[in-house]
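What follows is each chain in one-letter form.
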Amino acid sequence: MLTVVLSGLRARWASFLGGFVALALGVGLLATMGLGLSATFHAPERSPQRFASSPVVVQGQDRLTLDVRRGPSTVSVERRLDHPQPVDKDVLRELRARWTVTPSDADRPDSGRPDAVGVDAPAAEVRALVGDRAQVLTGADRVRADPDPERDAAALVALNALLGTSGGVTAFVSVFVVASTFAFAVALRRREFGLLRTAGATPGQIRRLLLAEAAALGVLASAAGCALGALGAPLLARALVDGDLAPGWFAVGGATWPFHAAFWTGVTVALAGAVAASRRAGKVGPTAALREADVDADTLPLGRALLGTGLLLSGLGLLVWTYATEPSALLKRKTYTTLPMLLITGVALLSPLLVRPVARLLRLRGAVGTLVRENSAASVRRTAAVAAPVLVTVALAGTLFGSATSVTRTKGVEAREQTAAEYVVAGDGLKPVTAPPGAVVSATGTTSVFVRDGAETVVKYQARAVADPAAFADVARLPVVAGDLRDLDDRSIVVNEEFERHRVGETVEVWRADGTGPVRLRVAAVLALGTGDNGPYVTRANAPGSAPDRIDARGGGTATVRALEASGGTVRSADAWAAAGHREGGNPQNRLGMILVLGIALVYTVIGLANTLLMATSVRGGELSSLRLAGATRAQILRVVTGEATLAVAIGTLLGLAVTALVLGTLGAGLAALSAPVALALPWGTVGAAAGACATVAVAASALPAWRLTR
């Protein structure tokens, strides 16, 4: 058996080349992503900066601790505050009375209550004095007093999601391409298997032959892929840093588990891709195999039909379920990145059912057009094998970029519709602006509120602090479903429908951004949920530490513009402000991440197309010779062959657009259910570029062997 396997690999190396390259590339990418992921699990230890010279730091509480119910008992949960609380004045007085207390350079000289101070004293004595009135930080823990101490961890969370998504897409597409390559290669070898069966080979021997070939290919390709991963991981880290997707200190480490995971994943993928094909090859009898060698019959086995139907129904069911139960989840990148994969796989598995009817619907003129149509309809396996990887790429391009662009565009439209301002100023720490005669000026800033969601959870909401409720109610055009914005005051709150208690007149127990509370605020108005940025809103009295970062203004003419310019922020028209804050495709980092995912899919598609068409066209020598004998010219034969490839790419594109339309349609329904504006966008440029690249590769991979065969 081993001799037969090695002889077969040596004799048919060209047909295995595409699968080898695809699998080696997949393992290399998985190893690269795994090494990147391993580097995102732990942020580097930074030395303290703000109090580097102080052995002990006393800082105000930076977390809100509340008891919640967990089954029959209660446990304490912590939620991080936006800013640490000021150190208690009695604590400061006692510390200064005994030791040297050093404020940080960021504290103003006249600051009476800083949020942290350095103390030159033994840590145990400081803890004994402070007790539970503040935090005592020593050693590496002093970095918690630095500005934004969790910035490294937050950067790694986003990077972890990007690399995890890219690794998932790599695994998905590699399994798909390798399985398709094996299935099509087996279909082309039916005559060979028929001869082996005639010579006495059993179905079990045929299956073991194919599995042995897959195992040999998997081991060799996985080993090559691990070597590629070792070379590619440092390049990936450098590219992520250069593209602002990772902090400047990011670098891959020396973890070994990514190599083990990638290698065995590659071997498993190779074997899994050959299992279905080997079972099918083993079931064919000697006579049937020889008789059907050039006829596409039974193009959709029962197992593939059941699997494809199950995946398609599962994808549709999850879309409907998400829309019905949590439509806001449709706007999240995790949902529109992973959920379409079920639909894509289901449609791809069922594509042989769609190839023949779609091809027969075309009305191509002339003898060449007739041959293109009939050959595509008759050779269902070949057409479906070309259309399937195109479907994957086009659907990923449409759903990823289409969903991201639609969500961003909707947020921009929503933001513009929610203000009646002529001008909007944005910036940190804006200076107060006095409204000129005839103008309305409303300043707001970011803050947070903490609310119990039932007895089991404490939720932190990003909120807006309103400086002048009357001006805010005059300028804002929020989607109010109950109540009135004019009723907002220091004893009330504007909530959205996500709150557990969201009826006008009800009271909500709230902890403020600095952890003080609880305070009981009356619900003055209720807003539609929208895309997630609708409220809550409180007054400045319930937003300690909040500084204005946005000013909306209307009326007053040029005097208003001059007044706004004195605020220190960027003055824009409302339209320009909405467009600047919600660029289509999202922020550049997210867009680069999607380009990375799409690039992986496109590379695999190119490999799959080239391999499939090179194999398929290379065995059509007898068919092309018959066309020459029938009077077809060499140019006509080339047009037939390339026309079939182009038609298969077009079918894959149409199927990919169908999946995209389904996903975007559900997204639009979800936006409507959230009372948000529906501003869907199909990225025609991205989809067209992907389809064009596929068509170019398909034409070249079919024309070259056809040119050689018709010499």
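Cut-off values and rules
- Along every chain, residues carry numbers that run from 1 in the direction the sequence is written.
- This being a predicted model, a pLDDT of at least 70 is required before a residue's local features are given, and a value of 80 or more before pairs of side-chain atoms are given or counted; all residues contribute to the totals for chains, interfaces and linings.
- Excluding hydrogens and water, the side-chain figures rest on all heavy atoms present in the structure.
- Here, the term nonpolar core denotes a set of buried Ala, Val, Leu, Ile, Met, Phe, Trp, Tyr and Cys residues that are joined through side-chain atoms within 4.5 Å.
- Each residue's exposure class comes from its accessible area (1.4 Å probe, protein chains only) as a fraction of the maximum for that residue type: buried when under 20%, exposed when over 50%, partly exposed otherwise.
- Helix and strand definitions follow DSSP, with helices as H or I runs of at least four residues and strands as E runs of at least two, each counted in order from the N terminus.
- Any two residues whose heavy atoms approach within 4.5 Å are treated as being in contact.
- Patch definition: residues with relative accessible area over 30% and no salt bridge; like charges joined within 9 Å; nonpolar side chains (Val, Leu, Ile, Met, Phe, Trp, Tyr) joined within 5 Å.
- Under the convention used here, a 1.4 Å probe and the Shrake-Rupley method define accessible areas, while residue burial counts only the protein chains that appear.
- Should a side-chain nitrogen of Lys or Arg be within 4 Å of a carboxyl oxygen of Asp or Glu, the pair is scored as a salt bridge.
- Here Asp and Glu are counted as negative and Lys and Arg as positive; His is not counted, and neither are the chain ends.
- By convention, the point assigned to a charge is CZ for Arg, NZ for Lys, CD for Glu and CG for Asp.
- For two strands to count as paired, DSSP must find a minimum of two bridges between them.
- Whenever two N or O atoms come within 3.5 Å, that pair is a polar contact, provided that in protein one can donate a hydrogen and the other can accept it, and provided that, for residues adjacent in sequence, both atoms are side-chain atoms.
- Two rings from Phe, Tyr or Trp (for Trp, the six-membered ring) form a pair when their centres sit within 6.5 Å of each other. Planes less than 30 degrees apart are called stacked, planes more than 60 degrees apart edge-to-face, and all others tilted.
- Note on definitions: angles span 0 to 180 degrees between N-to-C directions of axes, and those axes are lines fitted to C-alpha atoms, for helices only across the stretch in contact.
- As a per-residue measure, pLDDT reflects the predictor's confidence and takes values from 0 up to 100.

Enquirer: Describe the nonpolar core, and please don't skip the residues or the numbers.
Expert: Counting residues in each nonpolar core, the largest one holds 86 residues, and the members touching the most others are L159, V173, L240, F250 and V659. Ranked by residue count, the leading element in this core is helix α14 (residues 380–417), at 14 residues. Sequence-distant contacts of F250, that is, excluding residues within four places in its chain, are made with G36, A39, T40, L156, L159, A237, L240 and V241.

Enquirer: Just give me the short version of a negative patch on the surface, but keep the residues and values in it.
Expert: A contiguous patch of negative charge, built from E326, D453, E456, E498 and E500, is present on the exposed surface. For D453, the position within the fold is in strand β8 (residues 440–453). A relative accessible area of 35% places D453 in the partly exposed class.

Enquirer: Could you give an account of the pairing of strand β13 (residues 519–527), with specific residues and numbers?
Expert: Extensive coverage of β13 is indicated by the burial of seven of its nine residues. Both strand β10 (residues 480–483) and β13 contribute to a ladder of three bridges, which runs antiparallel. Across the sheet, the residue bridging to G483 is A525, located in β13. Sheet analysis places strand β11 (residues 492–496) next to β13, joined by five bridges and oriented parallel. Among the inter-strand pairings, I493 is bridged to a residue of β13, identified as V523. Relative to β13, strand β12 (residues 507–511) is paired through four bridges, and the arrangement is antiparallel. The residue of β13 that forms the bridge with V508 is L521.

Enquirer: So what's going on with the pattern of salt bridges? Residues and values would help.
Expert: Here the idea is simple: oppositely charged side chains can pair when their charged atoms come close. Applying the stated criterion to the full structure yields 16 salt bridges. Measuring nitrogen to oxygen at the nearest pair gives 3.1 Å for the salt bridge that ties R63 to D62. Between D474 and R554 there is a salt bridge, with the nearest N and O atoms lying 2.7 Å from each other. In this pair, D474 is assigned in helix α15 (residues 469–475) and R554 in strand β15 (residues 548–554), connecting sequence segments 80 residues apart. Accessibility expressed as a relative area gives 31% for D474, which makes it partly exposed. Connected through salt bridges with shared partners, the residues D62, R63, E78, R80 and R144 form a single ionic network.

Enquirer: Explain the side chain of T337 to me, and be specific about the residues and the numbers.
Expert: Topologically, T337 is positioned in helix α11 (residues 333–349). On the basis of relative accessibility, which here comes to 4%, the residue T337 falls in the buried class. Among the polar contacts listed, one links the side chain of T337 to the backbone oxygen of R333, at a separation of 2.6 Å. Here T337 is in contact with T165 and L400, once residues within four sequence places are set aside.

Enquirer: So, the packing of aromatic side chains: which residues are in play, and what are the values?
Expert: The final tally for this structure, using the stated rule, is three aromatic pairs. Ring centres of Y461 and F499 lie 4.3 Å apart, and the angle between their planes is 20°; on these two criteria the pair is classed as stacked. Placement of the pair is Y461 in strand β9 (residues 457–466) and F499 in the loop between β11 and β12, with a sequence separation of 38 residues. This pair shows no difference in class: Y461 is buried, exactly as F499 is. For the ring pair F472 and Y537, a centre distance of 5.1 Å and an interplane angle of 40° mean the geometry is tilted. You can see F472 sitting in helix α15 and its partner Y537 sitting in strand β14 (residues 537–539), a full 65 residues away along the chain.

Enquirer: An account of the sheet that holds strand β1 (residues 56–59) is requested, with residue identities and associated values reported.
Expert: Read from one edge of the open sheet, four strands run β4-β5-β1-β6, paired in antiparallel fashion. The open sheet has two free edges, formed respectively by β4 (100–102) and β6 (135–138), since each of these has just one partner strand. Direction aside, the axes of adjacent strands within the sheet are offset by 30° on average. Here helix α4 (residues 123–130) sits on the sheet in contact with β1, β5 (116–120) and β6, set at roughly 170° to β6.

Enquirer: Can you lay out the side chain of S379 for me, pointing to particular residues and giving the numbers?
Expert: Tracing the backbone through its elements, the reader meets S379 in the loop between α13 (366–378) and α14. Within the structure, S379 has its side chain in polar contact with the side chain of R382 (distance 3.2 Å).

Enquirer: Account for the confidence of the model for the protein, naming residues and giving values.
Expert: Parts of the prediction with low pLDDT should not have their coordinates interpreted in detail. On average, residues of the protein carry a pLDDT of 83, and 91% of them reach 70 or more. Helix α9 (residues 286–291) is the least confidently modelled element of the protein, averaging 54 in pLDDT, while β14 averages 95, the highest of any element.

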